[in-house]
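# Chains, contacts and geometry: an overview
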Amino acid sequence: MKVQVQALHKRFARTVAVDTISFSFDSGHVFGFVGPNGAGKTTTMRVIATLEEPTSGDVLINGVSVREEPEYARRTVGYVPDSLPAHADVTVHEYLDFFARAYGLRGSARGDAVRAVEEFTGVTTILDKQIKALSKGMKQRVTLGRALIPNPDVLILDEPAAGLDPRARVELRELLILLAQQKKAILISSHILTELTEICNGVVIIERGKILETGTIDDVLKKSTPHRALCVRVLDRQHDLLKELLQTPNVVGAREVNGEVYFELEGEEARSSELLGGLVAKGFKVAEFRQTKANLEDIFMNVTKGGVQ
Amino acid sequence: MAALARLRAWELNPVVVKELRQAVRSWAVTGMLLLFLAVLFFTMLGMLVGYSVMAGGSLAGVSGGRQALGRDIVQVFLPILTFMSLLFIPLYVAVRLAAERSEHNVDLLYITTLSPARIIRGKLMCGIYLTVLFFSVCMPFLVFTNLLRGVDLPTIFIALSAVFLADVLAIQAAIFLACLPATRGFKILIALPVIGFGISCVVGLTGMSFFMLQSGVGSRLGSWSFWGDALTAVLLGGLTFGLLHVASIAMISPASSNRTMPVRVYITASWFIGGATALGWFIVKGWIDPIEAWMAITMVFVVLMLLLGVSEGDERSVRVARAIPTHPARRWIAFFFYNGSAGGLAWATLLGAVTLGFMWLLSEWFNDRSITPATVVMPLDFLQSSTAVFAYTLAYCLAGLFLHRRFFPQRGPMMAGLLAMLVPALWAVLPNLALFFMNKLTWDTLQQRQLGSVFNVFALKDTAHLSHHLAFSLCFALLMAAVNVPWFLKQVRAFKTYVRPENPAPPPLPVK
């Protein structure tokens, strides 16, 4: 299953929400869709889920256009919106059963599908509870369950972790990893970027409707931080170390944080070895010398400007 | 066997299942049902005890010696039932649907394979099931009244049928209001006069039921006067119901679907059926009123459709463009019915022009008294004012369209509709405002000829000025049509089957 977003453009009156973006993702992988508020993430996701008609461009799911065959897209895409279910007087089981009926599942097939989803999302203990009485985490599970009812090949999740407590976020992350193992193509938008780093294979960074970066997490990390980020901890003379590093050629942005000195080093890996040798030779008692890895949050802060439309 | 298999595989509409489950749990439904039951019970008990006391312990001879206790109780029950079914149930269904739409839950329904038509049918069926439930609650009490004297079964059956049909219409009207793409406040604002109308319907139906109960309908069942009135009411109600139904479906259909087509097809079919029926009445009975009513209703719809048509915009979704026929003749027909301002304006104009053309021809025909009965008179004023209103509306819409496309192309298509309403408003207000500041505004000046103002057509002192309005409005419409010809031709040329462009596939994201 392959999802291709092709030159997608969406305009609301004078506002360009999505400005001719193209990317694609495949089954078995989780792709993060990252951007500040108003970047065009939700609009793009709603187009993929056939809830919006693009101004131009298209989205192909296994080569089938969502504009031309929206019914095909509805059968293959499970969409988890950023709003939680608010139906009154409906229990969890009835809610899932309703969507199973709405997707055209009949008889025992419907019962099996609902049961499987209830077990997978871990809502079997709250089946008779009313939707409105659920916590945010549980509502999110029910929403995910609803999207999984037709067993879709593609899952689009819009801010699924928003407002969840740490435990619920960990549980959601585990569910997503399991879904990726089931060969589903998953596109997920979230503001909790450290979590995306852990579960995503690839990432699309978008701002003002335009793509800023795309690629695997490692590629994007490398591209956005070309210099080696390093950290040195010495047993004493921290201020002398900072002065020394500030005067050293190829060292950029040296700063002291909690007794450790962080900096970036230009050039090849051999240079860090030379630098360490030089520091030891100058009498610094180096207790720790390590490379710090930038995460998605650092990249996000580097490449975006926080602009909205 | 295949039919049997289909029957076995048949399942209730998912929306009905959900709605009924919600209704069962809802305090509103349970509470109203219990209240209804209590009111019926205590009403009956009170009346039985009261009448017994008045009759000195014997039910015989009560009700003024007419032995009509059953009828008296039914006369109290029917307004209660009518109130519940005509106000509470439609209100309940509408509030549910409006709440779902405001919470974007209908969006969620779109991403399933449920069609908008099934969603609306589900909501409607739920309302009908609730009505049946309330009727069922009332039924034992009604059966008991039949054991008393003074009421016959056909009368009860016809009165209940009338209430039931009116309720179905009210539920559909409530669904229509709930589907309106408006804010909650605006919907409440619209709902208030509709509730007022509902209350007047309750009063009207109660009055009709009283009349039927007093006079009895059993003896009239074989007469044409009864069935003629009844069938006309059912036909009008049915056409209104159908229109509200297709309009509701269109309103919740995705913007990418060809949602105007069912509405236009339905209105065209209704226009034809209505016209044929009115003509039938004229030929059989020599009545001109149905034809005039048909024309007046058509004109109201044409005016509304012109305003809606001009607000539609020129862009057509790929889904709609794909369905445009390739055959030239079919494509021309499709042009009038598919989404798009040009098609919408052309369709409404054609409908209005054909109606008025037919009426003018009929009017000419009437002048020859050897053909029509001397008593039949086609009022020329009515025809002239209708034509002027149509021409003015067309001119305003075309003016709004021109102003929008020329000066505000970045604004949404709704702007054209707003301008189409702003032009006549300004035209009517500004001259009178000037007169007001010159201290010359009087009731007489308002009733004098003000060419260009459609409102003046309805307030003319001298009806001879109608011909001036007619000539002016037609010239105005022709002028506006002329300035929009390039736009219209562009739209006609653009109305062709979608050919998919060859977009290069984007590079896939590498994965680790």
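All figures in this text were calculated on a predicted structure; none of them were measured in a lab.

Let us look at the overall build of chain B. The number of helices and strands found in chain B is 21 helices and 0 strands. Reported as C-alpha extents along the three principal axes, the dimensions of chain B are approximately 85 × 85 × 60 Å. Counted over contacts in chain B with a minimum sequence separation of 6, partners at least 24 positions apart contribute 77%. The distance from the centre of the 36 positive side-chain charges to the centre of the 20 negative ones in chain B is 10 Å.

Quick look at the overall build of chain A now. Scanning chain A from terminus to terminus reveals 11 helices and 14 strands. With the C-alpha coordinates of chain A rotated into their principal frame, the extents come out at 80 × 45 × 30 Å. Across chain A, contacts joining residues at least 24 apart in sequence account for 68% of those joining residues at least 6 apart. Just so you have it, chain A exposes about 13200 Å², and 48% of that area is on carbon and sulfur atoms. Taken together, the 39 basic and 41 acidic charged side chains of chain A have centroids lying 3 Å from each other.

Before going further, it helps to examine the domain arrangement of chain A. Each domain of chain A was delimited in the assignment, giving domain 1 (2-222) and domain 2 (226-293). Domain 1 of chain A and domain 2 of chain A are separated by 43 Å when their C-alpha centres are compared.

Turning next to the confidence of the model for chain B. Taken over all residues, the pLDDT of chain B has a mean of 85, while the share at 70 or more is 90%. The secondary-structure element of chain B with the lowest mean pLDDT is helix α4 (residues 62-65) of chain B, recorded at 51, while helix α21 (residues 485-494) of chain B shows the highest, at 93.

What follows is about the packing of aromatic side chains. Applying the stated rule across the entire model yields 26 aromatic pairs over all chains. Ring centres of A:Y95 and A:F99 lie 5.0 Å apart, and the angle between their planes is 65 degrees; on these two criteria the pair is classed as edge-to-face. Of this pair, A:Y95 and A:F99 both sit in helix α3 (residues 92-102), separated by 4 residues, roughly a single helical turn. Each member of the pair, A:Y95 as well as A:F99, is classed as buried. Consider the rings of B:F436 and B:F437, whose centres lie 5.5 Å apart with planes at 70 degrees: the pair is edge-to-face. Ring pairs connect the aromatic residues B:W332, B:F335, B:F336, B:Y338, B:W487, B:F488 and B:F495, which therefore count as one cluster.

Glancing now at the pairing of strand β7 (residues 154-158) of chain A. Residues and elements named next belong to chain A. β7 sits mainly inside the fold: 5 of its 5 residues count as buried. Neither face of β7 is left uncovered, since the one carrying V154, I156 and D158 and the one carrying L155 and L157 both have all their residues buried. Of the pairings in the sheet, the one linking strand β6 (residues 77-80) to β7 comprises 4 bridges and is parallel in character. The partner of V77 across the bridge, within β7, is V154. The pairing of β7 with strand β8 (residues 185-189) spans 5 bridges and is classified as parallel. Across the sheet, L157 pairs through a bridge with I188, a residue of β8. For the crossover from β7 across helix α6 (residues 166-181) to β8, the handedness is right-handed.

Moving on to the interface of chain B and chain A. By a widespread convention, an interface's size corresponds to the accessible area lost as its parts come together. In this assembly, 43 residues from chain B lie in contact with 57 residues from chain A. Taken together, the connections running from chain B to chain A amount to 6 salt bridges. B:R96 is the salt-bridge partner of A:D89, the closest N and O atoms lying 2.7 Å from each other. Our count for the contact surface shared by chain B and chain A stands at 10 residue pairs in polar contact (both at pLDDT 80 or more). Listing elements by their share of the side of chain B that touches chain A, those giving two or more residues are α2 (14-25), α5 (69-102), α6 (105-110) and α13 (318-322) of chain B. With 7 residues, α2(B) is the largest single contributor of residues to the side of chain B that touches chain A.

Residue and element names in this part refer to chain A. The strand order across the open sheet formed by 4 strands is β12-β13-β11-β14, and the pairing between neighbours is antiparallel. Since the sheet does not close on itself, it has two edges, and those belong to β12 (251-257) and β14 (286-291), each with one partner. Shown here is a sheet whose adjacent strand axes are inclined to one another by a mean of 20 degrees, direction ignored. Of the strand pairs in this sheet, strand β11 (residues 228-234) and strand β13 (residues 260-265) are connected by 6 bridges, and their pairing is antiparallel. Bridging across to β13, R228 finds its partner in L265.

Our next topic: the side chain of A:E260. With respect to the element layout, A:E260 can be found in strand β13. A:E260 gets classed as buried once you look at its relative accessible area, which sits at 13%.

Within the structure shown, the criterion is met by 25 salt bridges over all chains. A salt bridge links A:E71 to B:R319; the nearest nitrogen and oxygen atoms lie 3.2 Å apart. Linking A:E71 in helix α2 (residues 70-76) with B:R319 in helix α13, this pair reaches from one chain into another. Judged by relative accessible area, which is 22%, B:R319 ranks as partly exposed. Between A:R115 and A:D112 there is a salt bridge whose closest N-O contact spans 2.9 Å.

Residue and element names in this part refer to chain B. Tracing the backbone shows Q75 in helix α5. Accessibility expressed as a relative area gives 11% for Q75, which makes it buried. Contacts of Q75, omitting those with residues within four sequence positions, involve F210, L213 and Q214.

Residues and elements named next belong to chain A. Take Q6: it is sitting in strand β1 (residues 2-12). Q6 sits in the buried class, given a relative accessible area of 5%. C-alpha of Q6 to C-alpha of G57: the two residues are 51 residues apart in sequence and 5.6 Å apart in space.

A few words now on the environment of A:A39. By secondary structure assignment, the location of A:A39 is in the loop between β3 (30-34) and α1 (41-48). With 17 residues separating them along the chain, A:A39 and A:S56 place their C-alpha atoms 18 Å apart.

Moving on, we get to the packing of α3(A) against helix α4 (residues 107-121) of chain A. Residues and elements named next belong to chain A. One can describe the packing of α3 onto α4 by two numbers: an axis separation of 10 Å at closest approach and a directional angle of 130 degrees. Looking at the two axes, α3 sits oblique to α4. Crossing angle aside, the handedness with which α3 passes α4 is right-handed. In this structure, α3 uses H93, L96, D97, A100 and R101 to contact α4, whose residues at the interface are R110, V114 and E118.

A few words on the packing of helix α12 (residues 289-310) of chain B against helix α16 (residues 380-407) of chain B. Residues and elements named next belong to chain B. Put simply, α12 and α16 touch, their axes get as near as 9 Å, and they point 5 degrees apart. Here α12 is positioned roughly parallel relative to α16, judged by the angle of their axes. Residues E292, M295, A296, M299, V302, V303, L306, L307 and V310 of α12 pack against F382, L383, S386, V389, F390, T393, L394, C397 and L401 of α16. Residues that form the contact of α12 with α16 fall into these classes: 15 nonpolar, 2 polar and 1 charged.

Take unusual backbone geometry next. Residue and element names in this part refer to chain A. The phi dihedral of A7 is positive, around 45 degrees, even though this residue is not glycine. With a phi close to 50 degrees, T20 is a non-glycine residue in the positive phi region. Mapped onto the secondary structure, T20 falls in strand β2 (residues 15-26).

Basis of the calculations
Residues numbered from 1 in each chain as written. Chains lettered and ligands numbered in written order. Predicted model: local features only at pLDDT ≥ 70, side-chain atom pairs only at ≥ 80, totals over all residues. Heavy atoms only, no water. Helix = DSSP H or I, 4+ residues; strand = E, 2+ residues; numbered from the N terminus. Contact = heavy atoms within 4.5 Å. Lys, Arg positive; Asp, Glu negative; His and termini not counted. Charge placed at Lys NZ, Arg CZ, Asp CG, Glu CD. Areas by Shrake-Rupley, 256 points an atom, 1.4 Å probe, with all protein chains shown as cover. Domains from an automatic or database assignment. pLDDT = per-residue confidence, 0-100. Phe/Tyr/Trp six-rings, centres within 6.5 Å; stacked < 30°, edge-to-face > 60°. Buried < 20%, exposed > 50% of the residue type's maximum accessible area, 1.4 Å probe, protein only. Pairing = 2+ DSSP bridges. Right-handed = clockwise from strand over helix to strand, strands pointing away. Salt bridge = Lys/Arg side-chain N within 4 Å of Asp/Glu carboxyl O. Polar contact = N/O pair within 3.5 Å; in protein donor to acceptor, adjacent residues only side chain to side chain. Axes fitted to C-alpha atoms, helices over the stretch in contact; angles between N-to-C directions. Parallel < 35°, antiparallel > 145°, perpendicular 65-115°, else oblique. Left-handed = near helix turned anticlockwise from the far one by under 90°. Nonpolar A, V, L, I, M, F, W, Y, C, P; charged D, E, K, R; others polar.

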